[in-house]
Amino acid sequence: SSYSDTDVGSGSRERHPNSILYSILSGRNSGYLDGKPDRSRRHNCHCEGTRTVGLKDPKVTYQVASSLMVQTFCFIQGLPSFCQLPSEDQALLLRHCWVHLFVLGLAQQRIALEVTEAPDSSILRQILLGPGLTEQDHHRPTLAEVHRLRTVMNHLWTLGLGPKEYAYLKGALLFNPAVPGLRASTVIRGLQKEAQGALREVVHLLHPGDASRFSRVLLAASSVQSVSHQLVSQLLLKPVLHDTFYIY
């Protein structure tokens, strides 16, 4: 098949693609954040949608996110079936799917995100500034968005997915025939079905007594799509993307 174990293996290699993206993201760090709970979390707060947050340890987190971004694109560029698609389709799929694969990478590496409420996100400031809020303020990450991301990652962690399950799940999300403007949508639909079929086989092989696991894995994958591009780019990748490279 076009999407096979060869794709999975080649996608895991740390290749050095000749692209602007790699030169931007080549600062790498092998360390990962400790999985510590956020002690500042407030549950069931009606104002979570407006409370903006920032990273507790931005320097370390930016390094981790940059390294994971490189790994994500090495995985994509290591898929022969992806590289054989028209360049226009490659760009469209990347633009629409990179966040989904990045979030899967966060979950696979079990990277815990610690945030703190931004000092300038008080209700009083919002009242005083009113319509004078800048565009940057309007797109700052909120506590509600972070909670949504954590919920998605916890869902994936609960499943205890293995490396092959993650790899085929990434393929199923990457080859999305519903992306508007694709030239080879029929081929991409076939690649998605192959990735899903391979995922089903791996799930049944690893968990033969769990008939509902495949459905739960697909459900977890669909929840990944609820994570916004703006949250990932503004909270985790802002220094990498700011004024240099816009991927969406």
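Quick notes on the rules
Residues numbered from 1 in each chain as written. Predicted model: local features only at pLDDT ≥ 70, side-chain atom pairs only at ≥ 80, totals over all residues. Heavy atoms only, no water. Helix = DSSP H or I, 4+ residues; strand = E, 2+ residues; numbered from the N terminus. Buried < 20%, exposed > 50% of the residue type's maximum accessible area, 1.4 Å probe, protein only. Contact = heavy atoms within 4.5 Å. Areas by Shrake-Rupley, 256 points an atom, 1.4 Å probe, with all protein chains shown as cover. Core = buried A, V, L, I, M, F, W, Y, C linked by side-chain atoms within 4.5 Å. Salt bridge = Lys/Arg side-chain N within 4 Å of Asp/Glu carboxyl O. Phe/Tyr/Trp six-rings, centres within 6.5 Å; stacked < 30°, edge-to-face > 60°. Lys NZ or Arg CZ within 6 Å of the ring centre and 35° of its normal. pLDDT = per-residue confidence, 0-100. Axes fitted to C-alpha atoms, helices over the stretch in contact; angles between N-to-C directions. Parallel < 35°, antiparallel > 145°, perpendicular 65-115°, else oblique. Left-handed = near helix turned anticlockwise from the far one by under 90°. Nonpolar A, V, L, I, M, F, W, Y, C, P; charged D, E, K, R; others polar.

## So, the overall build of the protein chain
Thought 1: Helix and strand counts for the protein chain come out as 13 helices and two strands.
Thought 2: Per-residue burial over the protein chain gives 46% buried out of 248 residues.
Thought 3: Within the protein chain, counting contacts between residues at least 6 apart in sequence, those at least 24 apart form 84% of the total.
Thought 4: Carbon together with sulfur atoms contributes 53% to the accessible area of the protein chain, which is approximately 12500 Å² in total.

## Considering the nonpolar core
Thought 1: With 61 residues, the main nonpolar core has Phe82, Leu93, Phe102, Leu156, Leu174, Phe175 and Leu236 as its most contacted residues.
Thought 2: If you list the elements that add at least two residues to this core, you get β1 (53-55), α3 (58-77), α5 (87-108), α8 (143-159), α9 (163-174), α10 (185-206), α11 (213-224) and α12 (229-236).
Thought 3: Broken down by element, the residue count for this core peaks at twelve residues, all from α5.
Thought 4: For Leu93, the contacting residues outside a window of four places in its chain are Phe82, Leu85, Trp98, Leu174, Phe175, Asn176, Val179, Leu182 and Ile188.

## Quick notes on the pattern of salt bridges
Thought 1: Evaluated as defined, the whole model comprises four salt bridges.
Thought 2: Notably, a salt bridge pairs Glu165 with Arg213, separated by 3.1 Å at the nearest N-O pair. Within this pair, whereas Glu165 is found in helix α9, its partner Arg213 is found in helix α11, the two being separated by 48 residues in sequence.
Thought 3: What makes Glu165 buried here is its relative accessible area of 1%.
Thought 4: Salt-bridge contacts for Asp210 lead to Arg216; the nearest nitrogen and oxygen are separated by 2.9 Å.
Thought 5: Given the relative accessible area of 23%, Asp210 is considered partly exposed.

## Looking at the packing of aromatic side chains
Thought 1: Here the structure, examined in full by the defined rule, presents one aromatic pair.
Thought 2: Centroid distance Trp98 to Phe102: 6.4 Å. Interplanar angle 65°. Geometry classified as edge-to-face. In this pair, Trp98 and Phe102 are both assigned in helix α5, four residues apart and thus about one turn of the helix distant. Comparing Trp98 with Phe102, the two get one shared label, buried.
Thought 3: One Lys or Arg, Lys170, reaches over the ring of Phe75 and ends 5.2 Å from the middle of that ring.

## A closer look at unusual backbone geometry
Thought 1: Non-glycine residue Arg110 carries a positive phi angle of around 55°.
Thought 2: Examined against the element boundaries, Arg110 turns out to sit in the loop between α5 and β2 (115-117).

## Here's the deal with the confidence of the model for the protein chain
Thought 1: Of all residues in the protein chain, 67% have pLDDT values of 70 or greater, and the mean over the chain is 77.
Thought 2: Taking the mean pLDDT of every element in the protein chain, the minimum, 41, falls on helix α2 (residues 20-25) and the maximum, 96, on α10.
Thought 3: For the stretch residues 133-138, pLDDT sits under 50, and the model shows four contacts to residues farther than four places along the chain or on other chains.
Thought 4: In the model, residues 243-248 has pLDDT below 50 throughout and makes 13 contacts with residues more than four positions away in sequence or in other chains.

## Brief notes about the environment of Lys170
Thought 1: Locating Lys170 in the fold gives a position in helix α9.
Thought 2: Separated by 65 residues in the primary sequence, Lys170 and Gly105 have C-alpha atoms spaced 9.0 Å apart.
Thought 3: Once residues lying within four places of it in the same chain are set aside, the contact partners of Lys170 are Phe75, Leu101, Leu104, Gly105 and Gln108.

## Remarks on the packing of α5 against α9
Thought 1: In contact at an axis separation of 9 Å, α5 and α9 are set at 160° when each is read in the N-to-C sense. Taken together, the axis directions place α5 and α9 in an arrangement best described as roughly antiparallel. When the axes of α5 and α9 are compared, the crossing they make is right-handed. Along the contact surface, α5 presents Leu93, Cys97, His100, Leu101, Leu104, Gly105, Ala107 and Gln108, while α9 presents Pro163, Tyr166, Leu169, Lys170, Leu173 and Leu174.
Thought 2: Residue composition of the contact of α5 with α9, by class: ten nonpolar, three polar and one charged.

## What about the packing of α8 against α11?
Thought 1: One can describe the packing of α8 onto α11 by two numbers: an axis separation of 9 Å at closest approach and a directional angle of 160°. Compared by their axis directions, α8 and α11 come out roughly antiparallel. In terms of crossing hand, the pair formed by α8 and α11 is left-handed. Between α8 and α11, the residues in contact are Val152, His155, Leu156 and Leu159 and Arg213, Arg216, Val217, Leu219, Ala220, Ser223 and Val224, respectively.
Thought 2: Residue composition of the contact of α8 with α11, grouped by class: seven nonpolar, two polar and two charged.

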